[in-house]
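Structural overview for review
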Amino acid sequence: MPIDTLGITLLLGLFVALMLLRVPVAFALGLSSLATAHYLNLPMLMIAQRMVNGLNSFTFLAVPFFILVGNIMTEGGISDRLVRLADVLVGRMRGGLAQGNVVASTLFGGISGSSVADVASVGSFLIPAMKRSGYPAGYSVSVTVTSSVQGVLIPPSQNMIYYSLAAGGLPISTLFLAGYVPGLLLGLSLMIICYVMARKHGHPLGGKYTRREALAVIADAAIGLFTIVIIIGGILTGVFTATESAAVAVVYALLVTLFWYRSLTFKAVGRIFSTTLTTLAMVTAIIMTSSVFGFLLSYLRVPDFLTQAIFSVSDDRLFVLLAVNVLLLILGMLMDMGILILLLTPILLPIVVQVGVDPIHFGIIMILNLGIGLCTPPVGTSLLVGAGIGRISLEKTVRSLVPFYAAMVVVLLLVTYIPAFSLTLPALLR
């Protein structure tokens, strides 16, 4: 069966045109899919069934709960407690406030699962604090934005759930475990950059705590961090599925923030549920329309076309992974991470599987790669939020971002070409 070039052009060209006209992504996906299905004479009932099938997964039920628990803990002031905990752990190092920023993002990523939420929550406190302590504004924003990428790797990550759905239902628990070592490796690399920059520019030491104060800070933060134990511990021990653990975590987070920290009111809880429903509505619409879009890409044999194009140059595993990484880095600069995961996974996964790449390993490569895109102009959401908080132009921020960006790319290459970083922990605990 020959490749329908006109159909591919219609599907992709209309989608790009609608995006350039600033049509919402879900509508752009849906309208381009409907137009292409009409051109191909496909029955509309089939299109409707594909939309419904995109949500017909028990795994998808975890998405609203993870979004909700992240919103509760963010609004409930857990970020402030994690910042103080990070200051206790690494504050006495040279450039301790920057080091604490990275550690706080590591801890917060294990609760929110979102890079943007990390920047908005931790950054709103730490970026001004770093500026007051004498750190350059661009450096402060760069540390915050790049360290927030750990949030998409360290469980619970909403983007891993999207990848699981797009890849045909890979086990969430395995994906969660696979993200830990790459996430911590990324944090370690950024801390090394912070240490080098601190020695070079004479950045100040952080605060000093007495033993009693330090224990009080640790105990206070541990209550909130127990959310991670519920989610990961429940999944690993088999007590909960990913969906059930997320639901239990929501109840725990509500109890902690309402009655222990007393940082939330019942009125605020209502606002959080409203915000979560709005976010969930957008996510649901995108998943439904991207499911149809992905089906049409497969129907038009786009994966086969792309496979032939790459393999015509070389079928070497190292080259294929490099080509896929370059493609993801470019697209990550232009589109949102979640949308790209849903659209590209059905196309790229069969290609890398043909050269012997494990689907779990590729999921971590894709999520880390697109996480870097969150820090890259012109559409890097985390970068835009961080620059707004720091009250600094993107140009000045990008100049300060270069050493951190280089460290992230090095980690990406390590994770890409050394599968053990992603696959050893799941193999040990499976």
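In this report, we go over the structure that sits alongside the text.

Cut-off values and rules
Residues numbered from 1 in each chain as written. Predicted model: local features only at pLDDT ≥ 70, side-chain atom pairs only at ≥ 80, totals over all residues. Heavy atoms only, no water. Helix = DSSP H or I, 4+ residues; strand = E, 2+ residues; numbered from the N terminus. Rg over C-alpha atoms; globule rule 2.2 N^0.38 Å. Buried < 20%, exposed > 50% of the residue type's maximum accessible area, 1.4 Å probe, protein only. Contact = heavy atoms within 4.5 Å. Areas by Shrake-Rupley, 256 points an atom, 1.4 Å probe, with all protein chains shown as cover. Axes fitted to C-alpha atoms, helices over the stretch in contact; angles between N-to-C directions. Left-handed = near helix turned anticlockwise from the far one by under 90°. Nonpolar A, V, L, I, M, F, W, Y, C, P; charged D, E, K, R; others polar. Patch = residues over 30% accessible without salt bridge, like charges linked within 9 Å, V, L, I, M, F, W, Y side chains within 5 Å. Salt bridge = Lys/Arg side-chain N within 4 Å of Asp/Glu carboxyl O. Core = buried A, V, L, I, M, F, W, Y, C linked by side-chain atoms within 4.5 Å.

In this section: the overall build of the protein. If you tally the helices and strands in the protein, you get 21 helices and zero strands. By the compact-globule yardstick of 22 Å for 430 residues, the protein fits well, its C-alpha radius of gyration being 22 Å. Expressed as lengths along the three principal axes of its C-alpha atoms, the size of the protein is roughly 75 × 45 × 45 Å. Out of the 430 residues in the protein, the part that is buried amounts to 53%. For the protein, long-range pairs separated by at least 24 residues make up 80% of all intrachain contacts whose partners lie at least 6 apart in sequence. Roughly 18,100 Å² of accessible area belongs to the protein as shown, and the carbon and sulfur atoms make up 69% of that amount.

It is at 9 Å that the axes of helix 8 (residues 137-147) and helix 19 (residues 381-390) come closest, and there the two elements cross at 145 degrees. The handedness of the crossing between helix 8 and helix 19 comes out as right-handed. The segment helix 8 lies against helix 19, with Ala137, Val141 and Val145 engaging Ser382, Leu383, Gly386, Ala387 and Gly390. A per-class count over the contact of helix 8 with helix 19 returns five nonpolar, three polar and no charged.

Turning our eyes to something else, we now look at a nonpolar patch on the surface. A cluster of nonpolar side chains, contributed by Met93, Leu188, Ile192, Tyr195 and Val196, occupies part of the molecular surface with about 450 Å² of accessible area. By the secondary structure assignment, Tyr195 is in helix 11 (residues 172-201). Overall, the relative accessible area of 40% leaves Tyr195 in the partly exposed class.

The next point concerns the nonpolar core. One finds Tyr139, Tyr163, Leu348, Phe362 and Met366 to be the most contacted residues of the largest nonpolar core, which totals 140 residues. In this view, Tyr139 contacts Ala98, Met130, Cys194, Met197, His203, Ser400 and Phe404; residues no more than four positions away in its chain are not counted.

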